[in-house]
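So the chains spell out like this:
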Amino acid sequence: MNQVLIVDDSSMARTLIKRSLEICGFENMEISEAPNGKEALDIMKNKPFDLVFTDLNMPVLDGEGLLKRIKSSPKLNHIPVVIISSKTNSATERKLIADHAQAVLSKPLSIPELNSVLENSLNLAKI
Amino acid sequence: MNYELDQISEELTEAISESFENLFFADIEQCVSVNEIETEEEALIVSVDTIAPFKGKVGLIIDKEMSEEIVMEMVGGDFDLIDKEMIADALSEIGNTIVGRFLSKIVPEDEEFSLGFPECIKWNPDDYNYKSSENCKLFDLELEDKHVFCVLNKD
């Protein structure tokens, strides 16, 4: 069972990401949710994840901060992190990719794009 | 760069069209400029301020029945579970997505853009009195025999 964590301060945005994952038709996926980066890290202490989707702009600990914390942790740095945001430009995307984000997706999510990211990310997580 | 509304309106309607299609699988069949917003239905307005590269506002006016249908399509599930808060959250997410996409289309590749928080409230024409002008563009978007109105306003 693939463990996926969705991090966004908007419960509606989390619902929409879950819905998009359902539409992608990937089976064997258990989804957990967190409203910010800090709570995401707390959840990750106790549960192994195969993939994290995170928004950028969130209170307490934002998506960029969460990405950096995950990638600097020897226990977590193997987990692919996908950024989903409505506020990215090319420079931000390049910076996030340089910080080892798996992918940067713009809202609204496109199903083919999400499918491709899921295939690549979940394969990577299994290596 | 000078962001004249006439020159960026197409990017806004494109952003709306792409967002509607991806968020709730609705195709906009027609988009026309109008001089006033004429709706007699009970409606909601979701508005998002644009902060950079220009100060202004984008608003979407959607009637109540259509709002409920949109939320059903977006989140799936039972009609009985849809409440006012869920509708406001969903329309806010739509507003946020559209304006983020719109601004990302009009700014040069490496330039920053900024938008405010979405606000979703009951539409009352007397509170807004939008009329088409050099600094205010109004659009009537038709989808499946229903209409969504859009306001693009520059301060």
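The structure presented is a predicted model; accordingly, all values stated were derived computationally and were not measured.

1. A word on the interface of chain B and chain A
Okay, so step 1: With 24 residues of chain B at the interface, the matching set in chain A holds 21 residues.
Okay, so step 2: Surface buried jointly by chain B and chain A totals about 1800 Å² across both partners, of which 56% is contributed by carbon and sulfur atoms.
Okay, so step 3: The three residues of chain B that bury the most area against chain A are Asn22(B), Glu93(B) and Asp110(B), which together make up 25% of that side's buried surface.
Okay, so step 4: Across the chain B-chain A interface, the total number found is one salt bridge.

2. A closer look at the nonpolar core
Okay, so step 1: By size, the foremost hydrophobic cluster in this structure holds 45 residues, and its most contacted members are Phe20(B), Leu60(B), Ile94(B) and Phe102(B).
Okay, so step 2: The leading source of residues in this core is helix H3 (residues 84-106) of chain B, at nine residues.
Okay, so step 3: By size, the runner-up hydrophobic cluster in this structure holds 21 residues, among which are Leu41(A), Phe49(A), Leu76(A) and Ala101(A).

3. Here we look at the packing of aromatic side chains
Residues and elements named next belong to chain B.
Okay, so step 1: The final tally for this structure, using the stated rule, is five aromatic pairs over all chains.
Okay, so step 2: Their ring planes at 45° and their centres at 4.8 Å tell us that Phe-20 and Phe-24 sit as a pair that is tilted. Here the residue Phe-20 and the residue Phe-24 both occupy positions in helix H1 (residues 5-24), the gap between them amounting to four residues, near one helical turn.
Okay, so step 3: Taking the relative accessible area as the measure of exposure, Phe-20 reaches 0% and is therefore buried.
Okay, so step 4: Judged by relative accessible area, which is 5%, Phe-24 ranks as buried.
Okay, so step 5: Plain terms: the ring middles of Phe-54 and Phe-102 are 6.4 Å apart, the flat faces sit at 80° to each other, and that makes the pair edge-to-face. Of this pair, Phe-54 sits in the loop between strand E2 (43-52) and strand E3 (56-63) while Phe-102 is found in helix H3, placing the two residues 48 residues apart along the sequence.

4. Quick word on the environment of Pro125(B)
Residue and element names in this part refer to chain B.
Okay, so step 1: Along the polypeptide, Pro-125 turns up in helix H4 (residues 125-128).
Okay, so step 2: The partly exposed category is assigned to Pro-125, whose relative accessible area is 40%.
Okay, so step 3: Put simply, Pro-125 and Glu-38 are 87 residues apart on the chain and 8.8 Å apart in space, counted from C-alpha to C-alpha.

5. What about the sheet that holds strand E5 (residues 103-106) of chain A?
All names here are of chain A.
Okay, so step 1: Reading across the sheet, the five strands line up as E2-E1-E3-E4-E5 and stay open at both edges, with parallel pairing between neighbours. Every other strand in the sheet has two partners, leaving strand E2 (29-34) and E5 as the edge strands with one partner each. Recorded for the sheet is a direction-independent mean angle of 20° between the axes of neighbouring strands.
Okay, so step 2: Looking at chain direction, strand E4 (residues 81-85) and E5 are connected through four bridges and run parallel.

6. Notes on the pattern of salt bridges
Okay, so step 1: Under the counting rule described, the total for this entry stands at 19 salt bridges over all chains.
Okay, so step 2: Here Lys137(B) makes a salt bridge to Asp6(B), at a shortest N to O gap of 3.3 Å. Of this pair, Lys137(B) sits in strand E6 (residues 136-143) while Asp6(B) sits in helix H1, and the two are 131 residues apart along the sequence.
Okay, so step 3: Its salt-bridge partner being Glu36(B), residue Lys131(B) comes within 3.6 Å of it at the nearest N-O pair. Taken together, the residues span a long stretch of sequence, with Lys131(B) in the loop between H4 and E6 and Glu36(B) in the loop between strand E1 (30-34) and E2 at a distance of 95 residues.
Okay, so step 4: Taking the relative accessible area as the measure of exposure, Lys131(B) reaches 42% and is therefore partly exposed.
Okay, so step 5: Among the ionic contacts, a cluster of salt bridges with common partners joins Glu64(A), Lys68(A), Lys95(A) and Asp99(A).

Basis of the calculations
Residues numbered from 1 in each chain as written. Chains lettered and ligands numbered in written order. Predicted model: local features only at pLDDT ≥ 70, side-chain atom pairs only at ≥ 80, totals over all residues. Heavy atoms only, no water. Contact = heavy atoms within 4.5 Å. Buried area = accessible area lost by both parts, 1.4 Å probe. Salt bridge = Lys/Arg side-chain N within 4 Å of Asp/Glu carboxyl O. Core = buried A, V, L, I, M, F, W, Y, C linked by side-chain atoms within 4.5 Å. Buried < 20%, exposed > 50% of the residue type's maximum accessible area, 1.4 Å probe, protein only. Helix = DSSP H or I, 4+ residues; strand = E, 2+ residues; numbered from the N terminus. Phe/Tyr/Trp six-rings, centres within 6.5 Å; stacked < 30°, edge-to-face > 60°. Pairing = 2+ DSSP bridges. Axes fitted to C-alpha atoms, helices over the stretch in contact; angles between N-to-C directions.

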